[in-house]
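Coordinate inspection notes
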Amino acid sequence: MRRISRWPIFTAVVLVLALGVLTSGAIATVRKSFPETSARLMVSGLKGQVEVLRDSYGVPHIYADNPEDLFAAQGYVHAQDRFFEMDFRRHLAAGRLSELFGSSQFETDAYIRTLGWRRVAQQELGLLAPSTRRYLDAYAAGVNAYLGGRTAADLSLEYSVLRLQGLRYTPAAWTAVDSVAWLKVMAWDLASNHAQEAERAIITGKLGAGRAGNLFPRYPLEDDFAPIVRRGDVVGKTFDPTASRSSARPLPGGVSDDQLRKASSALQSAAEISRAIPRTLGSVEAETGSNSWAVAGSRTESGRAILSNDPHLATSIPSPLAQVGLHCRVLSEACPFDVAGFSMTSLPGVVIGKNNKIAWGLSTSYVDVQDLYLEDVRGDTVRNGESYVPLQVITEEIHVRGEDQPRIIRVRSSRHGPLLSDVDQQLQQVSASRSPTTAQYGVALSWTGLRPGRSMDALLAIDQAQNFAEFRGAAALLSAPSQNLIYADTDGNIGYQLSGTAPLRRKGNGMKPSPGWDPDYDWNGGIPFAKLPYVYNPPSGFLIAANQQVIGNQYPYPLGSTFSYGWRSQEIIDRLRAAPPLTLDGAEEIFYDDTIRFAADLVPILLKIKVPDPWVVEGQRTLVGWDYSATKDSAAAAYFNVICHNIFKLTFRDELPSEDLWPTGGDRWYAVLAILIKQAANPWWDDVRTPDKIETRDDILLAAMTNARKEITSLMARDTDQWQWGKLHKVRLQNPTLGKSGISPIENLFNRGQYQVGGGPAVVNAMAFDDRHGYTVTAAPAMRMLIDLGDLDASRWVNQSGTSGHAFHRHYDDQTELWANQRLWPFVSSRGAVEARTTTRQELLPSG
C-alpha cells in the first residue's frame, strides 16, 4: 500500500501501545474483537443447526444439512476470524481505499476505478448459476449475521487504530458482488503480463528490439527442460493429448520501435499501474508462481496417488489463504459438499484442497491474457481504421476520508479497454476538462478479466467434482484467472487441465503493444476450451506444473511469453524420476529442495576467474565443492546470491533508464545471465559510463566478486566461516495494510518475525526477494499441502500464518514457526478424525 499519512497524535498514541505500556483498557481494546468459538449462538437466516469444530490451530470444520446453511456458516466464521481483511479486500476491489486510509490511497483508487473491477463483477452476477447465486447470498447473510449489533472496534483491532487517525466508520452489509469482485483482484494479481509488456516496449524504444530481446529470453531455455504437456496438438476442434503433429504458426508483432519511442510517456503511465495497486497475492518486485504436482499410484509405495501444491504468493500476515472444512452431514444431490482445504475470505467454498473423491492444486499458468494497445487519441475520440470514433467516457466519484467533497475522475475506454495512460494526468489535475485537438498516443488494456465470466461457478463446481470428467467440466467455467489445474483421485488417476479464457489473436503475439487503430490486431474471442491442453494418466506416471511453459512450440496458438524458465519444474521432475517408490515423507522433502540449478552454469566460470586479491580469493573458495544447495546456514549460497546481485547491478543499471526497469533477480534474470555468460563480448557486459574501456564478461565477474566480498563483509562478517545465507535471507510477514504504514510502532503491532530461511528465487523452496532492495523474502509459499489419496486423513498441510486475522490472538501466527522450519501437520477431513482433533465446538442455531 501507499504509505498512510503520519499524523503526530496518531503516532504518539500508538507508540505508547506498541511499547508495551498496556493498560487494562488497551488490553481490552486488543482483545475486544477476539471471537467466541465455543458457545451456542443464534444466527439469523439459518434453516437448521450448524456445528463448527475447531482444532488446536483454530481451523474450523463446518457441518450442516444443506448448502445454504453451510455457506452461511462459512461467511459467519470468515467474519469472526478475518473481517478486516474482507473489508479491506472489498474496498480494494471497488477502488475505495481512500475512504478508510485517506488521500494517500487516491492514486490506487483512481487506477482501480479505471479498470472497473466492481463494474464487471456486477455484470457477472447475472451470468451465474441459480445455485451459485444462492450460495453467495447465503455467505453474505452469514457475514452480516456476525456484523449485526457489532461496532467496528468489535470486529478488529485495525478499526480502533484507524479511529485514532480520524476514521469514523460503520462497515456496510456484505453483498454477493463484494465476493465476486474479489475474484477480479485475484485475476489481476495472477495475470499482470501487461507490466512486462510495457517494460519490454519501453526498453525497445530506448535500445532497440535486438538489445531488448536479450533481456526476454525465448522458450525453452534448455532443450531438456520439459513443459507441462509434453505432447499433443489441436486436431479438428479439440485438443488430442496423444497427437504427435505440429500446427504451430507464427504471428507478426505489434507496433514499430519508432512508435514505441514516441509513446514512451504513455507506456510508463501504463506500467505504473502495477506499482500503484496493492499486490495482495502476487508481487511486482519478485516472482510469484507455484509448485504443483501429482504422482500416480504406479510410482508410490502405497500404490495410491499423491498430490502436492504450494502457491508462491506475496508474504503477508494473515496469509492470503484460510483453512476450512465444509461438510454436508449426509452427502446427496441436494447437499453435495464434503470438501476441505484452503479458502479465501470473501469467497464461499474451497479454492485448493480435497473432497471425498478427488484432490486438486493450482499454479499460475502465465498465459498471456492481457494486451496493451497503442491508441491514436484526439480529444475524446480514438482512431479506428482511417476515421476517429468516440471514446466511451464515464465519471467516477472517489470519496476521501477527511475531505468534504468527492474527487471526480473521468474514465475513458476504447473498444479494447480502459486507457491506463490517462490516470497520471488525472492525478495532476483531477477535474480538469480534456479538449485537446491534436493527436496523442494513449495506452489501452485489453484483459480477459474485464469480460464477465462464470469463475465463481467454476470454483464451487470443482468442490463437488467426483472424477476427471466432472473436474474438466468445472474447469471449463473458469474464465479468469487462467490457472494450471493438477488433479488426482482415490481411484489412482492423475490429470492436468489448462483453464481460463486465453485470447485468440488474429495478429500480434502479445509480446509488445499492438496498433489499436488496426482492427486486424483485435482479439477474435478466446481459444475454445476444448482446444486447451490437458493430460490424463500420462505414461510417465507424474505431472508437474511449476509455472513452466504449458506446451511445446507445436501448439497452434501463442499462449504466453512470461513462463518460468524451468529450473524449479525440472528439479522436481528429476527428483521424481530418480526416486524409488514415493512415500509421503519423500514427497514432503521435495517442498524443501533448495538447489539453485542456475548456479551450475555460473559457478564454474566464477572459479576460473583469476582473482589478484587474496581477500577476495577467500570468498571465491567458498564456492569450491559447493553442491548448489541454498540452505540457511550455507556460506556459499550467501556469497553466490550477493555476487549475482552485483552482476545485475554492474551489467544492466548503466543502460536501463530507471530503477523500475532494473533487474529484480530470479527466474527471468537468471535466464538472461545463463545466455550472456556464454557470450563473453556481448555489449551488455560493457559499462557505457567508462567510454575509454570496453568491459567484457570476465571484467564484470571479477568486479562483482570483489564488490560482493565487500558487501557481505559489511552485512555479516569478515570471516567466511561466519557467513550464513539465512542471516541475509529473512522472512518478515507484513500485514498488507497497517503493517506497511511506514510507522514502526504501528507496523510492530501487526507484523511478525525475522525468520531465517534457505531457498531463494528459481528454487523449489521458493523464497524470492527483490534484488533491487536487498535479500528479504517478498514472495514465498503461502501454504504447503500434501494429499494422500490412499488415506485422505494421512494428508498434511501448513499455512504461512494462522487462521486468525486478529493481532495477538493465539491463532494469528501459530503455524508460522512450523512453516519457516519446514514442518507440516495432519490435514484430516473425515468426521471421526476431525472429532478426535477438536478442541472447541460451536453450535449455530436459527434465530427464533
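Source: prediction; values computed, not measured.

**A word on the overall build of the protein**
Secondary structure assignment for the protein yields 28 helices and 32 strands. Here the C-alpha coordinates of the protein stretch approximately 85 × 70 × 70 Å along the principal axes. Counting all 848 residues of the protein, 64% fall into the buried class. In the protein, once contacts between residues fewer than 6 apart in sequence are set aside, the share between residues at least 24 apart is 74%.

**Considering empty space enclosed by the protein**
The full count for this structure, using the stated rule, is 7 cavities of 30 Å³ or more. The computed volume of the largest cavity comes to approximately 220 Å³. For the lining of the largest cavity, the secondary structure elements donating two or more residues are helix 10 (176-189), strand 7 (306-314), strand 11 (358-364) and helix 16 (455-464). Along the lines of polarity and charge, the residues of the lining of the largest cavity split into 16 nonpolar, 5 polar and no charged.

**Describing the packing of helix 20 (residues 599-608) against helix 22 (residues 635-652)**
One can describe the packing of helix 20 onto helix 22 by two numbers: an axis separation of 12 Å at closest approach and a directional angle of 85°. The angle between the axes of helix 20 and helix 22 places the two elements in the roughly perpendicular class. Contact residues: helix 20 offers A599, L602, V603 and L606, while helix 22 offers F640, I643, C644 and I647. Of the residues that constitute the contact of helix 20 with helix 22, the class distribution is 8 nonpolar, no polar and no charged.

**Structural notes on the pairing of strand 14 (residues 387-390)**
Bridge count between strand 13 (residues 381-384) and strand 14: 4 bridges; the pairing is antiparallel. Across the sheet, residue R383 finds its bridge partner in strand 14, namely Y388. Between strand 13 and strand 14, which follow one another and run antiparallel, lie 2 residues, and G385 among them has a positive phi close to 70°.

**Structural notes on helix 6 (residues 117-125)**
A turn of α-helix holds 3.6 residues, and therefore any two residues three or four places apart point the same way. Of all the residues in helix 6, the buried ones are W117, V120, A121, E124 and L125. Buried residues in helix 6, looked at end-on, bunch into an arc of 145°, giving them a common side.

**A few points about the environment of A138**
Relative to the helices and strands, A138 is located in helix 7 (residues 130-147). A relative accessible area of 8% means that A138 is categorised as buried. In the structure, A138 is positioned 661 residues away from N799 in sequence and 27 Å away in space, judged by C-alpha atoms. Apart from residues lying up to four places away in sequence, A138 is in contact with E68, F71 and A72.

**What about the pattern of salt bridges?**
Pairing of side chains with opposite charge becomes possible as their charged atoms draw close. Taken as a whole, this structure holds 44 salt bridges when the rule is applied. Look at the salt bridges and you will find they share partners, linking E51, D65, R329, R831, E835 and R841 into a network.

**Section: unusual backbone geometry**
Between Y219 and the following residue, P220, the backbone shows a cis peptide bond with an omega angle of -10°. Within the fold, P220 resides in the loop between helix 12 (209-214) and strand 4 (233-235). P318 follows I317 through a cis peptide bond whose omega is 0°. One non-glycine residue with positive phi stands out, namely S346, at about 105°. By the element assignment, S346 lies in the loop between strand 9 (338-343) and strand 10 (352-355).

**Thoughts on the side chain of H61**
Position of H61 relative to the elements: it lies in strand 3 (residues 60-64). Side chain to side chain, H61 and H327 meet in a polar contact 2.9 Å long. Ignoring sequence-local partners within four residues, the contact set of H61 consists of E51, V52, L53, G325, H327, A340, V828, S829 and V834.

**Some points on the state of the cysteines**
For the coordinates displayed, the defined rule picks out 1 disulfide. Sulfur-sulfur distance for the disulfide between C328 and C335 comes to 2.0 Å. On the sign convention where negative means left-handed, the S-S torsion of about -85° between C328 and C335 marks this disulfide as left-handed. Using a relative accessible area of 3% as the deciding quantity, one classes C335 as buried.

**Examining the side chain of R472**
With respect to the helices and strands, the residue R472 is situated in helix 17 (residues 468-475). The buried charged residue R472 lacks any salt bridge, with D240 as its nearest oppositely charged partner at 10 Å.

**Re the nonpolar core**
Counting residues in hydrophobic clusters, the biggest one holds 262 residues, and the most contacted among them are W293, Y496, L559, W567, F640 and F652. Look past the residues within four positions of F652 in its chain and what remains in contact with it is L215, P663, W669, V672, L673, L676 and W684.

**Description of the packing of aromatic side chains**
Applying the stated rule across the entire model yields 37 aromatic pairs. When the centroid spacing of 4.6 Å and the interplanar angle of 20° are considered together, the rings of F598 and Y670 count as stacked. Taken together, the positions of F598 in the loop between helix 19 (584-591) and helix 20 and Y670 in helix 23 (residues 667-676) put the pair 72 residues apart, joining distant regions of the chain. Side by side, F598 and Y670 carry an identical accessibility label, which is buried. Taken together, F225, W567, F598, W626, Y628, F640 and Y670 form an aromatic cluster joined through their ring pairs. One cation-aromatic arrangement involves R407 over F106; the distance from NZ or CZ to the ring centre is 4.7 Å.

**Some words on the sheet that holds strand 32 (residues 840-846)**
If you walk across this open sheet you meet the 11 strands as 1-32-2-3-8-9-10-11-18-19-23, and the pairing is mixed. Either end of the sheet is taken by a strand with one partner, and the two such strands are strand 1 (40-43) and strand 23 (534-536). In this sheet, neighbouring strand axes are inclined to one another by 15° on average, regardless of whether the strands run parallel or antiparallel. Sheet topology note: the strand 19 (residues 494-498)/strand 23 ladder contains 3 bridges and is antiparallel. By the bridge assignment for strand 23, Y496 is matched with V535.

Scoring rules and cut-offs
- Residues numbered from 1 in each chain as written.
- Predicted model: local features only at pLDDT ≥ 70, side-chain atom pairs only at ≥ 80, totals over all residues.
- Heavy atoms only, no water.
- Helix = DSSP H or I, 4+ residues; strand = E, 2+ residues; numbered from the N terminus.
- Buried < 20%, exposed > 50% of the residue type's maximum accessible area, 1.4 Å probe, protein only.
- Contact = heavy atoms within 4.5 Å.
- 1 Å grid on protein atoms, 1.4 Å probe; cavity = no way out; pocket = protein on both sides within 12 Å on 5 of 7 lines; lining within 4 Å.
- Points joined across faces, edges and corners; volume = space filled by probe spheres on them.
- Nonpolar A, V, L, I, M, F, W, Y, C, P; charged D, E, K, R; others polar.
- Axes fitted to C-alpha atoms, helices over the stretch in contact; angles between N-to-C directions.
- Parallel < 35°, antiparallel > 145°, perpendicular 65-115°, else oblique.
- Pairing = 2+ DSSP bridges.
- Arc of directions from axis to C-beta.
- Salt bridge = Lys/Arg side-chain N within 4 Å of Asp/Glu carboxyl O.
- Polar contact = N/O pair within 3.5 Å; in protein donor to acceptor, adjacent residues only side chain to side chain.
- Disulfide = S-S within 2.5 Å.
- Lys, Arg positive; Asp, Glu negative; His and termini not counted.
- Core = buried A, V, L, I, M, F, W, Y, C linked by side-chain atoms within 4.5 Å.
- Phe/Tyr/Trp six-rings, centres within 6.5 Å; stacked < 30°, edge-to-face > 60°.
- Lys NZ or Arg CZ within 6 Å of the ring centre and 35° of its normal.

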